Amino acid sequence: MAGIIVKPRSRILHGHDWVYGSEILKTFGDPADGGLVSIRDGRDRLLGTGMYNSRSQIVARRFSRQRQELDLDFFRRRLGQAIEYRRRRKIDLRACRLVWSESDGLPGLIIDRYGAAFVLQTLTLAMDQRQELIVEALKKDAAELAGPDFVIVERNDAPVRRAEGMETRAGLLRGTATVQRVEILGLEFEIDVLHGQKTGFYLDQVENYRSVADWAFGRRVLDCFANQGAFSLACAKAGAAAVTAVEISAEAAAQIAANARLNHATIEAIDANVFDYLKQREADGAQYDLIILDPPSFTKTKEKLHDAMRGYKEIHLRAFKLLSPNGLLATFSCSHHVGVDLFRDMIAESLVDAKRSARLLATYRQNADHPILAAIPETEYLKGFLLEMAPGR
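**Things to note about the nonpolar core**
Alright, step 1. Ranked by size, the top nonpolar core spans 48 residues in total, and within it Phe201 and Ile292 carry the most contacts.
Alright, step 2. Considering every element that reaches this core, the biggest residue donor is helix α5 (residues 230-237), with five residues.
Alright, step 3. In this structure isoleucine 292 touches Val212, Val221, Leu222, Asp223, Cys224, Phe231, Cys235, Ala330 and Phe332, once residues within four positions along its chain are discounted.
Alright, step 4. Core analysis: the second largest hydrophobic core is formed by 32 residues, Cys224, Ala272, Leu329 and Met346 among them.

The structure is reproduced here in structure tokens:
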């Protein structure tokens, strides 16, 4: 097996599974992009086996601390371990992330399940080259979980694939039903797994939908960046006085309205740019008792972090101005580059500019089907806070 030797103080020596190009002392055996490499330290001790791609900033991703091939038996074993973990955590397997990349020992592989549909993403070159093996390994588990009419969809349209030198694509790999009706937290959703945002739904927020809705009874709720309207529907079910959901496209707003009808809920679904909508509602003198901010990631890179924080600050400033006395803000960031401390500092600055004070009532994180590895901080990306407006000082 070809291999690489890492420099002293490389992060892989401290438990991480990534090797950046700047951390490689030398390569040997002419490793091929998408192939496997033996990862060794300066004393020639084996650190594990990794996937190699010279075109990526992350040149090698370790998936085993031993010598290991990426064969059918390996994929079946790792898939089984991922499913067993979720069963043990009592995660509803009818709608969840079954496999999440490094967190399940399968770097770059994501598998989400929505009813009879299994949505596959291969975001690293090595996984992409072995997609047929992965699909073959998945078939047994898919049939056991969903029955013989299961569907497998490829959603390799994520821009991150370009960082690995791959093109984007999406399509059916097995079956025909790309729109699935799925129950999540007792709510019905129609999810388009081929065309929906991400793989069709924000699965990382499932428990947070319930937690935020616990505060919604009798409140006027504004759900910004509403996606499928899950926060809105959960709040409506919990007895909110009124719910408004805002998404940027007419198509998304129509889907929110359709999901509301499925659940016999009353939601005002508006297609608008959230930044413009908040500005207009402030000019109108509107007030809300619970505002939810769950935007898509404003940055995928450190280079654009400054611009991202300006965007976060603007929507928070306007939200604070729209909240009633004792009003609540549930706010989230799904960007790894926006750390918890930076996010809290931005919230504090926004409160100062809005001339408001707030109490921190709760913190939020990603759902348990998106496991966090202690030695890989990049696996923890979703953070959120619930704030209550306090009397002015």
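**As for the pattern of salt bridges**
Alright, step 1. Here the structure, examined in full by the defined rule, presents 31 salt bridges.
Alright, step 2. Measuring nitrogen to oxygen at the nearest pair gives 2.7 Å for the salt bridge that ties aspartate 41 to arginine 45.
Alright, step 3. For arginine 45, a relative accessible area of 47% puts it in the partly exposed group.
Alright, step 4. Two residues, arginine 318 and glutamate 282, come together in a salt bridge whose shortest N-O distance is 2.9 Å.

**As for helix α8 (residues 305-322)**
Alright, step 1. Along its 18 residues, α8 runs 26 Å from first to last C-alpha, staying within 8% of the 26 Å computed at 1.5 Å per residue.
Alright, step 2. Of all the residues in α8, the buried ones are Leu305, Ala308, Met309, Gly311, Tyr312, Ile315, His316, Arg318, Ala319, Phe320 and Leu322.
Alright, step 3. Next to the buried residues of α8 lie α7 (274-284), β17 (288-293), β18 (323-333), α9 (340-354) and β20 (383-390).

**Regarding the sheet that holds strand β5 (residues 46-52)**
Paired through their backbone hydrogen bonds, the strands of a sheet run either parallel or antiparallel.
Alright, step 1. In spatial order, the strands read β2-β6-β5-β4-β1-β3; together these six strands make up an open sheet with mixed pairing. Here the strands that pair on one side only, and so sit at the sheet edges, are β2 (18-20) and β3 (24-28). The average angle at which neighbouring strand axes cross in this sheet is 30°, direction not considered.
Alright, step 2. Note: strand β4 (residues 36-40) against β5, five bridges, orientation antiparallel. Opposite leucine 36, over in β5, you have methionine 51 as the bridge partner.

**So, the packing of helix α4 (residues 206-213) against α5**
Alright, step 1. At a minimum axis separation of 8 Å, α4 and α5 run at an interaxial angle of 40°. One way to sum up the angle between α4 and α5 is to call them oblique. Every pair of crossing elements has a handedness; the one defined by α4 and α5 is right-handed. Two secondary-structure elements touch here, α4 through Asn208, Tyr209, Val212 and Ala213 and α5 through Ala230, Phe231, Ala234 and Cys235.
Alright, step 2. Residues that form the contact of α4 with α5 fall into these classes: seven nonpolar, one polar and no charged.

**With respect to the packing of helix α1 (residues 72-88) against helix α3 (residues 131-146)**
Alright, step 1. Where α1 meets α3, the axes come as close as 8 Å, and the angle between the chain directions of the two elements is 40°. Comparing their axes, α3 and α1 come out oblique. Judged by the sense of rotation from one axis to the other, the crossing of α1 with α3 is right-handed. Contact residues: α1 offers Leu72, Phe75, Arg76, Leu79, Gly80, Ile83 and Arg87, while α3 offers Leu133, Ile134, Glu136, Ala137, Leu138, Asp141 and Leu145.
Alright, step 2. Residue composition of the contact of α1 with α3, by class: nine nonpolar, one polar and four charged.

**Describing the packing of aromatic side chains**
Alright, step 1. Tallied over the entire structure, the rule returns 12 aromatic pairs.
Alright, step 2. Seen from their ring centres, phenylalanine 63 and phenylalanine 74 are 5.4 Å apart, and the 65° between their planes marks the pair as edge-to-face. Placement of the pair is phenylalanine 63 in strand β6 (residues 58-64) and phenylalanine 74 in helix α1, with a sequence separation of 11 residues. Grouping residues by exposure puts phenylalanine 63 and phenylalanine 74 together as buried.
Alright, step 3. One aromatic cluster is present, built from ring pairs that chain together Phe189, Phe201, Tyr209, Phe231, Phe332 and Tyr364.
Alright, step 4. Across the ring face of tryptophan 18, the terminal group of arginine 61 is positioned such that the distance to the ring centre comes to 5.4 Å.
Alright, step 5. The ring of phenylalanine 150 carries arginine 174 above its face, with NZ or CZ at 3.7 Å from the centroid.

**Description of unusual backbone geometry**
Alright, step 1. The backbone phi angle of asparagine 227 is positive, close to 55°, even though this residue is not glycine.
Alright, step 2. Located in the positive-phi region is lysine 355, a residue other than glycine, with phi close to 60°.
Alright, step 3. By the secondary structure assignment, lysine 355 is in the loop between α9 and β19 (357-365).
Alright, step 4. The class of lysine 355 is exposed, set by a relative accessible area of 74%.

Thresholds applied
- Residues numbered from 1 in each chain as written.
- Predicted model: local features only at pLDDT ≥ 70, side-chain atom pairs only at ≥ 80, totals over all residues.
- Heavy atoms only, no water.
- Core = buried A, V, L, I, M, F, W, Y, C linked by side-chain atoms within 4.5 Å.
- Buried < 20%, exposed > 50% of the residue type's maximum accessible area, 1.4 Å probe, protein only.
- Helix = DSSP H or I, 4+ residues; strand = E, 2+ residues; numbered from the N terminus.
- Contact = heavy atoms within 4.5 Å.
- Salt bridge = Lys/Arg side-chain N within 4 Å of Asp/Glu carboxyl O.
- Expected span 1.5 Å × (residues − 1).
- Pairing = 2+ DSSP bridges.
- Axes fitted to C-alpha atoms, helices over the stretch in contact; angles between N-to-C directions.
- Parallel < 35°, antiparallel > 145°, perpendicular 65-115°, else oblique.
- Left-handed = near helix turned anticlockwise from the far one by under 90°.
- Nonpolar A, V, L, I, M, F, W, Y, C, P; charged D, E, K, R; others polar.
- Phe/Tyr/Trp six-rings, centres within 6.5 Å; stacked < 30°, edge-to-face > 60°.
- Lys NZ or Arg CZ within 6 Å of the ring centre and 35° of its normal.

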